[in-house]
Amino acid sequence: MKKAAFHTLGCKVNTYETEVMKSQLKEHGYEIVPFHEAADVYIINTCTVTNIADQKSRQMLHKARKKNPQAVIAAVGCYAQASKEELERDETADLIIGNNQKSRLYELLEEYEAKHSRQEAVCDLKHEKSYESMFLTSTEDRTRAFLKIQDGCNQFCSYCKIPYARGRARSRALEDTIEEIRVLAGQGFKEIVLTGIHLSSYGRDLNEEKRPLLKEVILLAAEIPGIERIRLGSLEPNVITEDFIIPLAKCSKFCPHFHLSLQSGCDETLKRMNRHYTAGEYYDKCELIRRYFEHPAITTDVIAGFPQETEEEFCETCAFVEKVGFAEMHVFKYSRRKGTKADTMEGQVPEPVKTERSHKLLEIAARSQQNYLSWYQNREVEVLTEDEIQYEGETWRCGHTKEYVKCLLKNCGANELKTVTVTGATENHMLLS
């Protein structure tokens, strides 16, 4: 039996696609082993969102080659799509598989075995309108399943390569989505995480008489027996309207965890980024969420040191994120990406300044997270239990609240919904019960 090992970089969409590829190889007789073990095939599902992501993608390919020089090495996904020529020059990868081609993994492995020559499947996604059919039949996890329902992006933020790596926005058919959720529920999954590259645009490209939007997917998923929680991936602020929020607030299975991409709290910086909202509009969306949910988790991404960002603009961002009070903030230093509009802008911010600004944002993030977690003290929370972990010399069961806050508890198994009272928190932001 051949052995295959996977390594996934990047987003939750990649996580889902990796699980589908694993499932595909299992069906054809492969044994899936951990990446650190010896394998006949290594598949790296790559990312290209930053220069560091590119670097990590190359490092993992070289690591796989070093682990087994005779193995078949496959570079799959966004870095393979956006940097095919680099991979060809590098010569580490035997298979170069772009986006919208991942479902062909087994077929391309067979072709490589037959021809013993590099196989490439990287199509031009500029005008691609079809959604790649992928269906998850099995996965190692049994608690939370990621479900990709959308691919591509039409936003063209000035710093971002993803529209070039993923193509234009494309949505999965509603009936396919609901059918896969039924299958996952039948396998015992209690929580579904709906993901996409630009999830907020789900359904807008479908040519159906009554186009389903994201809200419809959530409400239909909530009707499926066995599904207890529906969670969303990253959203754009423009999807947050009363028409969207009110039905979700009435849905007991919906998880009030909203990851709303911000990137900057300064209007001038947002314009240069080609983001389609102002800081004031973003704040209004946060207030709308809080009007209908008692203690929602609003999380975000912020970029430090975007081109031409002045000290005054940065201070505006700091004041804004303090005002919002995020449950969690992911802070990134601006990463210059060749082929994007921001790469050609004058006024590139020096690296030491970007580092200093990111540290300031991280300090604000830590305070905001602590303030958010303090609300839970002595309150009851519902936890979906997952893995066992060690904490202070004892074995605890770890799980997540609906707001995606980690919580430690005792005397339970995995994949159970437990209501517990919070008694404190750990130094690394986990609730204790």
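Just above sits the structure.
Residues numbered from 1 in each chain as written. Predicted model: local features only at pLDDT ≥ 70, side-chain atom pairs only at ≥ 80, totals over all residues. Heavy atoms only, no water.

**Observations regarding the environment of R211**
Working step 1: If you trace the backbone, R211 turns up in the loop between β9 (191-196) and α8 (214-221).
Working step 2: The exposure class of R211 is partly exposed, given its relative accessible area of 42%.
Working step 3: C-alpha of R211 to C-alpha of L174: the two residues are 37 residues apart in sequence and 9.3 Å apart in space.
Working step 4: Residues within four places of R211 in sequence aside, it is in contact with G203, R204 and L206. (Helix = DSSP H or I, 4+ residues; strand = E, 2+ residues; numbered from the N terminus. Buried < 20%, exposed > 50% of the residue type's maximum accessible area, 1.4 Å probe, protein only. Contact = heavy atoms within 4.5 Å.)

**Points about the pairing of strand β15 (residues 380-391)**
Working step 1: Alignment of β15 against strand β18 (residues 417-421), held across five bridges, turns out to be antiparallel. Within the sheet, the bridge partner assigned to E382 lies in β18 and is T419.
Working step 2: Here β15 runs beside strand β16 (residues 394-400); their pairing, made up of six bridges, is antiparallel. Bridge pairing in β16 links Y391 to E394.
Working step 3: Count of turn residues in the β15/β16 antiparallel hairpin: two residues, of which E392 carries a positive phi of about 50 degrees. (Pairing = 2+ DSSP bridges.)

**What about helix α1 (residues 12-27)?**
Working step 1: A rise of 1.5 Å per residue sets the reference length of α1, with its 16 residues, at 22 Å; its end C-alpha atoms lie 23 Å apart and thus fit the reference within 8%.
Working step 2: The buried count for α1 comes to 12 of 16 residues, which makes it a mostly enclosed element.
Working step 3: For α1, the complete set of buried residues consists of V13, N14, Y16, E17, T18, E19, V20, M21, K22, S23, Q24 and L25.
Working step 4: Positioned one or two residues after α1, G29 has a phi angle of 95 degrees, which is positive. (Expected span 1.5 Å × (residues − 1).)

**Section: the packing of α8 against helix α9 (residues 242-249)**
Working step 1: Orientation of α8 relative to α9, taken along the N-to-C sense of each, is 10 degrees, at an axis distance of 10 Å. What the angle tells us is that α8 and α9 run roughly parallel. Residue-level inspection shows L214, K215, I218 and L219 of α8 in contact with α9, the latter providing D243, F244, P247 and L248.
Working step 2: Tallied by class, the residues present in the contact of α8 with α9 amount to six nonpolar, no polar and two charged. (Axes fitted to C-alpha atoms, helices over the stretch in contact; angles between N-to-C directions. Parallel < 35°, antiparallel > 145°, perpendicular 65-115°, else oblique. Nonpolar A, V, L, I, M, F, W, Y, C, P; charged D, E, K, R; others polar.)

**Notes on the pattern of salt bridges**
Working step 1: Tallied over the full model, the rule gives 38 salt bridges.
Working step 2: Notably, a salt bridge pairs E311 with R357, separated by 3.3 Å at the nearest N-O pair. On the criterion of sequence distance, the pair formed by E311 in helix α12 (residues 311-324) and R357 in helix α13 (residues 351-374) is long-range, its members being 46 residues apart.
Working step 3: For E311, a relative accessible area of 37% translates into the label partly exposed.
Working step 4: Among the ionic pairs, R336 bridges to D343, the shortest N-O distance being 2.7 Å.
Working step 5: By sharing partners, the salt bridges in this structure join E17, K102, K148, D151, R166 and R170 into a single network. (Salt bridge = Lys/Arg side-chain N within 4 Å of Asp/Glu carboxyl O.)

**Points about the sheet that holds strand β7 (residues 144-151)**
Working step 1: Taking strand neighbours across the sheet as the criterion, the four strands line up as β8-β7-β9-β10 in an open arrangement whose pairing is mixed. Taken across any chain shown, the strands that pair with only one partner, and hence form the sheet edges, are β8 (170-171) and β10 (229-232).
Working step 2: With six bridges joining them, β7 and β9 adopt parallel strand pairing. In the sheet register, R144 faces β9, and the bridge partner there is E191.
Working step 3: Seen against the sheet, α1 touches β7 and β9 and runs at an angle of roughly 105 degrees to β7.

**What to know about the nonpolar core**
Working step 1: Ranked by internal contacts, the top residues of the largest apolar core, which has 73 residues, are L194 and I240.
Working step 2: Among the elements that take part in this core, helix α11 (residues 279-292) stands out by supplying six residues, more than any other.
Working step 3: One finds L61, A64, A75 and I96 within the second-largest nonpolar core, a separate group that totals 20 residues. (Core = buried A, V, L, I, M, F, W, Y, C linked by side-chain atoms within 4.5 Å.)

**Digging into the packing of aromatic side chains**
Working step 1: As enumerated under the stated definition, the model contains 14 aromatic pairs in all.
Working step 2: When the ring of F254 is compared with that of F258, the centres are 5.7 Å apart and the planes differ by 55 degrees; the resulting orientation is tilted.
Working step 3: A relative accessible area of 2% means that F254 is categorised as buried.
Working step 4: Residue classification places F258 among the buried positions, given a relative accessible area of 0%.
Working step 5: Taking the centre distance of 6.0 Å and the plane angle of 45 degrees together, the rings of F254 and F293 count as tilted. Placement of F254 in the loop between α9 and β12 (257-260) and of F293 in the loop between α11 and β13 (297-304) is noted, with a sequence separation of 39 residues between them.
Working step 6: On the accessibility criterion, F293 (10% relative accessible area) is buried. (Phe/Tyr/Trp six-rings, centres within 6.5 Å; stacked < 30°, edge-to-face > 60°.)

**Overview of α12**
Working step 1: Over its 14 residues, α12 extends 20 Å from the first C-alpha to the last, a length consistent with the 20 Å expected when each residue adds 1.5 Å.
Working step 2: Residues E313, F314, T317, C318, F320, V321 and V324 constitute the buried set of α12. Along the axis of α12, the buried positions cluster into a sector of 165 degrees, meaning they face one direction only. The exposed set on the far side of α12, more than 90 degrees from its buried face, consists of E312 and K323. (Arc of directions from axis to C-beta.)

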